[in-house]
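Read off the chains here:
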Amino acid sequence: MDWLDRVGALRRWGSNEVRAPHKPLLLLYALGSYQQDAGGELRYGVVEGELKRLLVEYGPPHATTPAYPFHHLVSDGVWEVRTDRGEGSPGTGVRELRASGATGRLAAGLRAALARDPSLLGRLVRVLLDSYFPPSLHVELCEAVGLDLEGVETGVPGGGGGGSRRQRDRRMRELILTAYEFQCAFCGYDGALGGSVVGLEAAHVRWWSYDGPDTVDNGLCLCSLHHKLFDKGVMGLGEDHRILVSQRFVGRGEASRQQVLALAGRSVIGPQPGLPAVAGRHREWHVRQVFHGAARAVG
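Keep in mind the model is a prediction, meaning the values are calculated, not measured. (Residues numbered from 1 in each chain as written. Predicted model: local features only at pLDDT ≥ 70, side-chain atom pairs only at ≥ 80, totals over all residues. Heavy atoms only, no water.)

Quick notes on the overall build of the chain
Then step 1. Within the chain, the regular secondary structure consists of 13 helices and 10 strands.
Then step 2. At 21 Å, the chain has a C-alpha radius of gyration in line with the 19 Å of a compact globule built from 299 residues.
Then step 3. If one aligns the C-alpha atoms of the chain with their principal axes, the spans along those axes are about 65 × 40 × 35 Å.
Then step 4. Across the 299 residues that make up the chain, the buried fraction comes to 49%.
Then step 5. Contacts in the chain between residues at least 24 apart in sequence constitute 71% of all its contacts with a sequence separation of at least 6.
Then step 6. For the chain, the accessible area works out to roughly 13900 Å², and carbon and sulfur atoms hold 51% of it.
Then step 7. In the chain, the 35 positive side-chain charges and the 33 negative ones have mean positions that sit 4 Å from each other. (Helix = DSSP H or I, 4+ residues; strand = E, 2+ residues; numbered from the N terminus. Rg over C-alpha atoms; globule rule 2.2 N^0.38 Å. Buried < 20%, exposed > 50% of the residue type's maximum accessible area, 1.4 Å probe, protein only. Contact = heavy atoms within 4.5 Å. Areas by Shrake-Rupley, 256 points an atom, 1.4 Å probe, with all protein chains shown as cover. Lys, Arg positive; Asp, Glu negative; His and termini not counted. Charge placed at Lys NZ, Arg CZ, Asp CG, Glu CD.)

Focus on the pattern of salt bridges
Then step 1. Taken as a whole, this structure holds 17 salt bridges when the rule is applied.
Then step 2. Residues Glu57 and Lys232 are paired through a salt bridge, measuring 2.9 Å at the closest nitrogen-oxygen approach. Residue Glu57 is found in helix H3 (residues 44-58), and its partner Lys232 is found in the loop between helix H11 (224-231) and strand S9 (235-237); the two are separated by 175 residues along the sequence.
Then step 3. The partner of Glu254 in a salt bridge is Arg257, and the shortest N-O contact between them spans 2.8 Å. Taken together, the residues Glu254 and Arg257, both in helix H12 (residues 254-259) and three residues apart, mark about one turn of the helix.
Then step 4. A network of salt bridges, in which partner residues are shared, links Glu41, Glu80, Arg105 and Arg111. (Salt bridge = Lys/Arg side-chain N within 4 Å of Asp/Glu carboxyl O.)

Remarks on the nonpolar core
Within soluble globular proteins, side chains that are nonpolar tend to cluster in buried spots.
Then step 1. The biggest cluster of nonpolar side chains holds 46 residues, and the ones touching the most others in it are Trp79, Leu114, Leu124 and Val125.
Then step 2. Cys221, Cys223, Ile243 and Leu263 belong to the second largest nonpolar core, which has 30 residues in total. (Core = buried A, V, L, I, M, F, W, Y, C linked by side-chain atoms within 4.5 Å.)

Quick look at the sheet that holds strand S4 (residues 103-106)
Then step 1. If you walk across this open sheet you meet the four strands as S1-S4-S2-S3, and the pairing is antiparallel. Where the open sheet ends on each side, the last strands, each with one partner, are strand S1 (42-43) and strand S3 (86-87).
Then step 2. As paired elements, S1 and S4 share two bridges and run antiparallel to each other. Of the residues in S4, the one forming a bridge with Arg43 is Thr103.
Then step 3. Relative to the sheet, helix H2 (residues 22-36) contacts S1, strand S2 (79-83) and S4, its axis offset from that of S4 by approximately 80°.
Then step 4. Here helix H6 (residues 108-116) sits on the sheet and contacts S2 and S4; the angle it forms with S4, its principal contact strand, is near 45°. (Pairing = 2+ DSSP bridges. Axes fitted to C-alpha atoms, helices over the stretch in contact; angles between N-to-C directions.)

Overview of a nonpolar patch on the surface
Then step 1. Residues Tyr189, Leu193 and Val198 make up a contiguous nonpolar surface patch of about 280 Å² in total accessible area.
Then step 2. Within the secondary structure, Val198 is located in the loop between strand S6 (196-197) and strand S7 (200-204). (Patch = residues over 30% accessible without salt bridge, like charges linked within 9 Å, V, L, I, M, F, W, Y side chains within 5 Å.)

Observations concerning the confidence of the model for the chain
Then step 1. The predicted model of the chain averages 89 in pLDDT, with 92% of residues at 70 or higher.
Then step 2. Scored below 50 in pLDDT, residues 154-163 makes 14 contacts in the model with residues more than four places away or belonging to other chains. (pLDDT = per-residue confidence, 0-100.)

Remarks on unusual backbone geometry
Then step 1. With an omega dihedral of 5°, the bond running from Gly270 to Pro271 counts as a cis peptide bond.
Then step 2. Along the chain, Pro271 turns up in the loop between H12 and helix H13 (280-289).
Then step 3. With phi around 70°, Asp211 is a residue other than glycine that occupies positive phi space.
Then step 4. Counting through the fold element by element, Asp211 comes out in the loop between S7 and strand S8 (219-223).
Then step 5. For Asp211, a relative accessible area of 44% gives the class partly exposed.
Then step 6. Positive phi values are uncommon outside glycine, yet His241 reaches one of about 60°.
Then step 7. Tracing the chain through its elements places His241 in the loop between S9 and strand S10 (243-245).

Concerning the state of the cysteines
Then step 1. One pass over the full model with this rule turns up zero disulfides.
Then step 2. Cys221 carries a free sulfur, and the closest cysteine sulfur to it, the one in Cys184, is 6.6 Å from it.
Then step 3. For Cys223, which is in no disulfide, the shortest distance to another cysteine sulfur is to Cys184 and amounts to 3.9 Å.
Then step 4. Accessibility expressed as a relative area gives 8% for Cys223, which makes it buried. (Disulfide = S-S within 2.5 Å.)

Some points on the packing of H2 against helix H7 (residues 119-132)
Then step 1. Look at H2 against H7: their axes get within 11 Å of each other, and the N-to-C directions meet at 160°. Between H2 and H7, the angle is such that the two are roughly antiparallel. Considering only the axes of H2 and H7, their crossing is left-handed. Facing Pro24, Leu27, Leu28, Leu31 and Gln35 of H2, the residues of H7 in contact are Leu121, Leu124, Val125, Leu128, Leu129 and Tyr132.
Then step 2. Each residue belonging to the contact of H2 with H7 can be placed in one class, and the counts come to 10 nonpolar, one polar and no charged. (Parallel < 35°, antiparallel > 145°, perpendicular 65-115°, else oblique. Left-handed = near helix turned anticlockwise from the far one by under 90°. Nonpolar A, V, L, I, M, F, W, Y, C, P; charged D, E, K, R; others polar.)

Observations regarding the packing of aromatic side chains
Then step 1. Per the counting criterion, the structure on display carries six aromatic pairs.
Then step 2. Each ring, one from Tyr210 and one from Trp285, has its centre 5.9 Å from the other, and the planes form 35°; the classification is tilted. In this pair, Tyr210 sits in the loop between S7 and S8 while Trp285 sits in helix H13, placing the two residues 75 residues apart along the sequence.
Then step 3. A relative accessible area of 0% places Trp285 in the buried class. (Phe/Tyr/Trp six-rings, centres within 6.5 Å; stacked < 30°, edge-to-face > 60°.)

Put into structure tokens, the structure is as follows:
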């Protein structure tokens, strides 16, 4: 198994039903650190706060700790940990990781491969992003972990190499936008520039990286704003295909009230007659794995 395949097949806790981006987030963070200092190490006690922030921002709604990926990523062969006592991780205990001076870094073999082929960094980043996160978050994620995406991007589709990874259906965007008649299913935005739609995107309800299919019943046409809010768990979809807004969302200005809060309880717009609405199993996955907290009351 080459490095791209290893990164694309990180062992995840539980099944593919459960969103567990802990290892991918740590590895992205480590690659960002490597890009800045190839010889550096990540001391758990120093980076714990930043890793925890990443998990809160981009992880599932339930609370978790960065100690788990810091220890368990070693088993995937891409990460190594040592303490003041020598090689090896002390386990997943937060206190022990701090007290033992645990530090982690990319595995020696991976560091050697990156030194031989600097373009591998960009391909690893692309595989991580495509395999575990929706496209709407890619640029933001790279900024959050300190990765210069333009500096490492090679332009090789799908991260290059490894024929076993799922291939996206390039028709997905056209299928979804056509199904929703080129308007945002949440707000009705339908902007175009020179005959081409602008600011409209095809959103997966169940993310492609978590077995979400490229089908109309797993998609919504959303404007860029609502796509981002949907993928961040601010907005969701209820049983009756009405819009959910998280109680945790706070918006004091008029724009937030009109573009988010006022949409709570509204029926989604579309799809056009004869085409399937979002399937219950995909909607339920999003509510369980992405939507944050309880829905805001309507009224």
